[in-house]
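Understanding the architecture of this molecule
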Amino acid sequence: MNLIKVRTTSISNILHKLTYRYASSQALVTDLKAIAGNENVSNSASVREQHGHDESYHAGHEPDVVVFAQSTDHVSQIVKYCASKHIPIIPWGTGTGLEGTDKLGFTYFLLNCIFFHIGGVTAPKGGVCLNLSRMDKIISVNPEDFDCTVQAGVTRNALNTFIRDTGLQFPIDPGANASLGGMCATSASGTMAVKYGTMRENVMNLEVVLADGSIIKTSGLKGRSRKTSAGYNLTNLFVGQEGTLGIITEATLKLHATPEAVLAAVAPFKDFQSAVDATVAIMQSGLPVARIEFLDEKMVDACNRFSKLSLDVLPTLFLEFHGSNNNIEMQGQLAEETCKSFECLKFNYETETDKRADLWKARHNAIYAAQALRPGSKAYSTDVCVPISALPGMITFAKDALKRLNLLGPIVGHVGDGNFHVFLIIDPKNAEEVERVHEYSIALAKESLRVNGTVTGEHGVGIGKKQLLIEEFGPAGINTMKAIKQALDPLNILNPDKVI
Amino acid sequence: MAIRILVGVKRAIDYAVKVQVKTDKSGVVTEGVKHSMNPFDEIAVEEAIRLKEKKVAQEVIALSCGPAQCQETLRTALALGADRAIHVEVTGKDYEMLQPLAISKLIAAVAKKENVDLVLLGKLAIDDDSNQTGQMVAGLLSWPQAVFASKVDIKDKTAEVMREIDGGSETLRVKLPAVITSDLRLNQPRFANLPSIQKAKKKPMAKMSPKDLGVDIKPHQEYLSYEEPPKRQGGGRVANVDELISKLKEKGLI
């Protein structure tokens, strides 16, 4: 946890600061309206409340104002203005993040304290939430070059719908209909990373607004080449920085061919060990599997209830193969043989679009299905990612720790990448349970580091994993990151208190 | 005996576009705006292809009426699996004024000329929302119709069609040749892929004019003006039920 000094003040002092903060908040609204237009600024209670939280269980602290940028120029001017007044800026895509990346960085413990000092931040002036969802234009699609350029607010589904008649797709699928800018900022991944990679492998160029308002392109002012050796790899510096080094306003992305044939299969196993071993065997056989997802029996049960399915309540693998009409059956057969050698109970497969879509909808709704197991609860997702050979041991550890700490945690995972999520079901108001979840999360992360893994495979660091990041990188590594942060955002106005 | 299907596809403004009305109220802005195959037509094409995959159909012909750009829409239909395409060319002012009755006459003429067993259309186009063409084609040909289909089963020259209607669903049995229009839940269309897009470039596309088909496409309706719907007014809050009642009385609503 952060070290926070809380200063108590007399009542009159509190009232003075309250009125000062309100007055300055109104001035903020007026100034921002002058930059972005009247319809693009809001400080109404409901809009601020919406922008004060995401899909994580981190309770939010609301921004003072929400601005809806309509252009890169807006973003640049807003940043310049906020920099001049030392006002924090928190970028916002679709609010589907899972790590509290897009919230004002005060831990939920402090919600009851109104005033505090954290390091160098002076008397609280609140913050500006910069909503990029109205920057939703698809700027260009180049089918012969397999690339496209989009504004940050374009969502993944909007892009795939737009290019559906080109025979191309953008297959990075983090499970929610996230904005592409947000996906760049959190280095999103998802179910198809095992074949198509994560955002790191698929972002060719970014337009970024820096903390002083200047605008850069990370791979050359007009760069769209498939590869480059020109200068520092700024593109991958900004992929995953979670809005702490710059605000992404445009992205040039790699597109992939839509497969001619797709085969989806479901294979329940008698125990999770067999399922995970089968996964390792499939990966090591070199089969170019497109998706390989693991659901433990608790997760399957939750999905059955939530999506009204009737899957066998057993540890289950969901697989998908992409290929051409003449090799898809062979891929399916090889996978079937492998699964059968680990005693899967069945191997059901589908090639029809509708039936395949149903299968994956169940998986996409997994986190909501998990929460529905206990109405009123929230899910906290762990996100460790380890080398494939360490996966069986890691899942054993995860399950044992759940028993030890008496927690409910259905498991779902992109096991082809060695990445899995334990959806811990918690009542955020039960402090004792929250503490056990916290302990679990740290234990799991430390075990992951012990076996050469990472504490977060795809969700990012946000608020909750900052301490673990230090353990993963060590002091010298963290100091390198801090040096970069200091160089690019010396005033610490870009999404302060996230990541490092 | 495997049947032959004629599928109509319309090039319409893409459903994700925010449509803008021209300032002179004469129409909507179409210049530089993304167009694509009408979504209900995508569903119709998908159904036709599935019938071919099930070997119920032996040939799927795609048809579109309009300017040269319709050929892009037809190439997409070919990439999705249609065997050949027919482009009935209508351009300029004629195209602006092309209305469902004229289109129905064109489709009916092609259906007769190609001697098809089934005409599959989208239930409506998302630009004009007319929902007339399928029904009028059936009328012109004196063929039975089953519209708003959510499930289609064809056996022995008979189609059993489940339709979504206001009260729930209804199943009809129609003898082929017939007209069926697709509703949203009929199927989930596939996406085109690169190999089939390449193959589609080589599939035959015939061009003809309304005159070749002996059809008079003169419009019967005049479009007077296009306007955006009125902007939504803000609401208001009232403190209690009494205030609500007095406000409603003020507005003459009670």
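Source: prediction; values computed, not measured. (Residues numbered from 1 in each chain as written. Chains lettered and ligands numbered in written order. Predicted model: local features only at pLDDT ≥ 70, side-chain atom pairs only at ≥ 80, totals over all residues. Heavy atoms only, no water.)

Broken down by element type, chain B carries 7 helices and 11 strands. Taken along its principal axes, the extent of the C-alpha atoms in chain B is 70 × 40 × 40 Å. When burial is assessed residue by residue, chain B has 46% of its 254 residues classed as buried. Pairs at least 24 residues apart make up 71% of the contacts formed inside chain B by residues separated by at least 6 positions. Between the mean site of the 39 positive side-chain charges and the mean site of the 34 negative ones, chain B shows a separation of 4 Å. (Helix = DSSP H or I, 4+ residues; strand = E, 2+ residues; numbered from the N terminus. Buried < 20%, exposed > 50% of the residue type's maximum accessible area, 1.4 Å probe, protein only. Contact = heavy atoms within 4.5 Å. Lys, Arg positive; Asp, Glu negative; His and termini not counted. Charge placed at Lys NZ, Arg CZ, Asp CG, Glu CD.)

With 17 residues of chain A at the interface, the matching set in chain B holds 20 residues. Approximately 1500 Å² of surface area, both sides summed, lies buried where chain A meets chain B, with 51% of it carried by carbon and sulfur atoms. Contact with chain B buries surface across chain A, with Arg164(A), Asp165(A) and Glu260(A) losing the most and accounting together for 39% of the total. Linking chain A with chain B are 3 salt bridges, by the criterion used here. We note a salt bridge from Arg164(A) to Glu42(B), for which the minimum N-O separation is 3.0 Å. Inspection of the region where chain A meets chain B yields 4 residue pairs in polar contact (both at pLDDT 80 or more). (Buried area = accessible area lost by both parts, 1.4 Å probe. Salt bridge = Lys/Arg side-chain N within 4 Å of Asp/Glu carboxyl O. Polar contact = N/O pair within 3.5 Å; in protein donor to acceptor, adjacent residues only side chain to side chain.)

To continue, consider the packing of helix H9 (residues 272-284) of chain A against helix H11 (residues 328-341) of chain A. Residues and elements named next belong to chain A. Here H9 crosses H11 at 140°, and the two axes come no closer than 9 Å. Taken as a pair, H9 and H11 cross one another with a handedness that is right-handed. Between H9 and H11, the contacting residues are Ala278, Ala281 and Ile282 on the first element and Ala335, Thr338 and Cys339 on the second. Among the residues forming the contact of H9 with H11, the class breakdown is 5 nonpolar, 1 polar and no charged. (Axes fitted to C-alpha atoms, helices over the stretch in contact; angles between N-to-C directions. Left-handed = near helix turned anticlockwise from the far one by under 90°. Nonpolar A, V, L, I, M, F, W, Y, C, P; charged D, E, K, R; others polar.)

Here the focus is unusual backbone geometry. Residue and element names in this part refer to chain B. Along the chain, Leu176 connects to Pro177 via a cis peptide bond; the corresponding omega equals 5°. Looking at the secondary structure, you find Pro177 in the loop between strand E9 (168-175) and strand E10 (178-182). At Asp129, a residue that is not glycine, the phi angle is positive and equals roughly 55°. Secondary-structure assignment places Asp129 in the loop between strand E6 (118-122) and helix H5 (133-141). Not every positive phi belongs to a glycine, and Asp156 is a case in point at roughly 50°.

In this structure's numbering, the residues bearing the UniProt feature "domain: Electron transfer flavoprotein alpha/beta-subunit N-terminal" (unreviewed entry) are residues 25-217 of chain B. Measuring from the first to the last C-alpha atom of residues 25-217 of chain B gives 24 Å, for a span that is 32% helix and 31% strand. (UniProt positions renumbered as here; feature names shortened; annotations may be inferred.)

The subject of this paragraph is the pattern of salt bridges. Residue and element names in this part refer to chain A. Counted by the stated rule, this structure contains 43 salt bridges over all chains. For Lys446, the salt bridge is made with Glu471, and the minimal N-O distance between the two is 3.2 Å. Of this pair, Lys446 sits in helix H15 (residues 431-450) while Glu471 sits in helix H16 (residues 466-488), placing them 25 residues apart in sequence. Taking the relative accessible area as the measure of exposure, Glu471 reaches 39% and is therefore partly exposed.

With respect to the helices and strands, Arg164(A) occurs in the loop between helix H4 (156-162) and strand E7 (168-169). Reaching out from Arg164(A), the side chain makes a polar contact with the side chain of Glu42(B) at a distance of 3.0 Å. Not counting the four nearest positions on each side in its chain, Arg164(A) is found in contact with Asp14(B), Tyr15(B), Ser36(B), Met37(B), Glu42(B), Phe191(B) and Ala192(B).

To continue, consider H9(A). Residues and elements named next belong to chain A. If you check H9, its first and last C-alpha atoms are 18 Å apart, about what 13 residues at 1.5 Å a residue would give, namely 18 Å. Residues of H9 that are buried: Phe272, Ser274, Ala275, Val276, Ala278, Thr279, Val280 and Ile282. Buried residues along H9 sit against strand E13 (289-295), strand E14 (316-323), H11 and helix H14 (391-404). Backbone geometry just downstream of H9 places Gly286 in the positive-phi region, at approximately 85°. (Expected span 1.5 Å × (residues − 1).)

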